[in-house]
Amino acid sequence: GQQVQQSPTSLVLQEGENAELQCNFSTSLNSMQWFYQRPGGSLVSVFYNPSGTKQSGRLTSTTVIKERRSSLHISSSQITDSGTYLCAMETGGNYKPTFGKGTSLVVHP
Amino acid sequence: EAAVTQSPRNKVAVTGGKVTLSCNQTNNHNNMYWYRQDTGHGLRLIHYSYGAGSTEKGDIPDGYKASRPSQENFSLILELATPSQTSVYFCASGVYEQYFGPGTRLTVL
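Attention here is on the structure that accompanies the text. By convention here, each chain's residues receive numbers from 1 onward along its written sequence. Just so you know, chain letters begin at A and ligand numbers begin at 1, following the order they were written in. pLDDT decides what is reported in this predicted model: residues at 70 or higher carry local features, side-chain atom pairs at 80 or more are listed and counted, and totals for whole chains, interfaces and linings draw on all residues regardless. Hydrogens and water molecules were not included; the side-chain quantities draw on all heavy atoms of the structure.

Under the DSSP-based scheme used, a helix requires at least four consecutive residues in state H or I and a strand at least two consecutive residues in state E, with every element numbered from the N terminus. When helices and strands are counted, chain B shows zero helices and eleven strands. For chain B, the N- to C-terminal ordering of α and β elements is β-β-β-β-β-β-β-β-β-β-β. Our radius of gyration looks at C-alpha atoms and nothing else; its globule reference is 2.2 Å times the residue count to the power 0.38. Taken over the C-alpha trace, chain B has a radius of gyration of 13 Å; the compact-globule value for 109 residues is 13 Å, and the two agree within 12%. Once the C-alpha set of chain B is aligned to its principal axes, its extents read approximately 35 × 25 × 25 Å. Counting every position in chain B, which comprises 109 residues, the buried fraction comes to 51%. Residue pairs at least 24 apart in sequence account for 53% of intrachain contacts in chain B once pairs closer than 6 positions are excluded. The buried label applies to any residue whose accessible area, calculated with a 1.4 Å probe on protein chains only, is under 20% of its type's maximum; exposed applies above 50%, and partly exposed to all values in between. In this description, contact between two residues means that some pair of their heavy atoms is separated by no more than 4.5 Å.

Right, let's get into empty space enclosed by the protein. A cavity here means a set of points on a 1 Å grid, drawn over the protein atoms and nothing else, where a 1.4 Å probe fits but cannot get out; a pocket is an open set with protein on both sides within 12 Å along at least five of seven lines, and a residue lines either one if it has an atom within 4 Å of a point. Grid points are joined across faces, edges and corners, and a volume is the space filled by probe spheres set on the points. All told, the structure shown has one cavity of 30 Å³ or more when counted by the stated rule. Estimates place the volume of the largest cavity at around 60 Å³. As for the largest cavity, its lining consists of Ser31, Met32, Gln33, Ala88, Met89, Glu90 and Pro97 of chain A together with Val95, Tyr96 and Gln98 of chain B. Where the lining of the largest cavity is concerned, the elements lending two or more residues are strand S4 (31-37) and strand S9 (83-90) of chain A. Residue polarity follows a fixed list, in which Ala, Val, Leu, Ile, Met, Phe, Trp, Tyr, Cys and Pro are nonpolar, Asp, Glu, Lys and Arg are charged, and the others, Gly among them, are polar. For the lining of the largest cavity, the class distribution of residues is six nonpolar, three polar and one charged.

As a further point, take the pattern of salt bridges. Definition used for salt bridges: Asp or Glu carboxyl oxygen within 4 Å of a side-chain nitrogen of Lys or Arg. Taken as a whole and judged by the stated rule, the model has six salt bridges over all chains. For Lys96 of chain A, the salt bridge is made with Asp59 of chain B, and the minimal N-O distance between the two is 3.1 Å. Placement of the pair is Lys96 of chain A in the loop between S9 and strand S10 (98-99) and Asp59 of chain B in the loop between strand S6 (56-57) and strand S7 (65-67), with the two residues belonging to separate chains. On the basis of relative accessibility, which here comes to 46%, the residue Asp59 of chain B falls in the partly exposed class.

Turning our eyes to something else, we now look at the environment of Ser76 of chain A. Residue and element names in this part refer to chain A. Inspection of the secondary structure puts Ser76 in the loop between strand S8 (69-74) and S9. Distance from Ser76 to Gln14, taken between C-alpha atoms, is 9.4 Å for residues 62 residues apart in sequence. In this structure Ser76 touches Gly16, Glu17, Asn18 and Arg58, once residues within four positions along its chain are discounted.

Glancing now at the state of the cysteines. All names here are of chain A. Cysteine sulfur pairs qualify as disulfides if the two atoms are within 2.5 Å. Counted under the stated rule, the structure contains two disulfides over all chains. Between the sulfur of Cys23 and that of Cys87 lies a disulfide, 2.0 Å long from S to S. What sets the handedness of the Cys23 and Cys87 disulfide is the S-S torsion sign, and at about 70° it is right-handed. Separated by 64 residues along the polypeptide, Cys23 in strand S3 (residues 19-25) and Cys87 in strand S9 bring together distant segments of the chain.

So, on to the sheet that holds strand S8 (residues 73-78) of chain B. Residue and element names in this part refer to chain B. The sheet built from four strands is open, its strands ordered S1-S3-S8-S7 with antiparallel pairing. One side of each edge strand has no neighbouring strand; the edge strands of this open sheet are strand S1 (4-7) and S7. Shown here is a sheet whose adjacent strand axes are inclined to one another by a mean of 20°, direction ignored. Pairing between strands requires that DSSP locate at least two bridges from one strand to the other. In this sheet, S8 lies alongside S7 in antiparallel orientation, the contact comprising three bridges. Directly across from Ala66, in S8, lies its bridge partner Leu76. Between N-to-C directions, angles span 0 to 180 degrees; the directions come from axes that are lines fitted to C-alpha atoms, helices contributing only their stretch in contact.

As C-alpha cells, then:
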C-alpha cells in the first residue's frame, strides 16, 4: 500500500536557523498537502502542493513527483514555528489520503 | 473560508456505552473523513464518505460505524466504546485538499 515517510522525526533549532523537512512516498501521487499542528491543536493547512514549488512568506514547499518526494523549507525560523508538521498524500484516485507521522519542530530563543 | 465544526469537543464515556461524534461542514464538499490521532501512530483514517448516503471503510474501521445523512453532516458512532478508543478524533472535508475540524478529545473509562 501507500507509504509516506517523514524526516527528520524531530528537529531542534535556534531562532533564525533554517529548517528542511522531507516527505518521501512510495507510489505516484495525485495530491500532496502539508499541515501544521500545535500541541493539542487541529491541523492547519500550510500548503497544497501536488507538484512544483510554492512559497508563502518564509515557507517554501517543493514537490518532485519523479523523485517521489516533497519538502518544506522554513527560513529564519521563529519560536512560533514550533509544533508538528505533517504531510499527507493521495495516490490512487480514491480520495483516501495517507499521512506521514510528522516532524516535531522546536525553535529555541 | 472553509469551515468544519465538531461536537462535542470533549467527551468522557464509560466502557460499553454508545458514543456519537458529530461533524458539520459548510464547504459543500462531497468528501468527508474521520481520523483518530494517537502518539506513535500519527493520523489514521477510520471512515470516509463520498457524499450523502455513502460511507466507506478506512484503514482502521473496526469498532466504528459512520453515517452521512446529508452533504453537511458526517457522524462517527462507537456502539460499544472501549478504553482503546480513547483518542483525539478529527473530521475533515475536501477532495484533494483537506480542511480539518478542531478535534474531539474522547476518553473511555
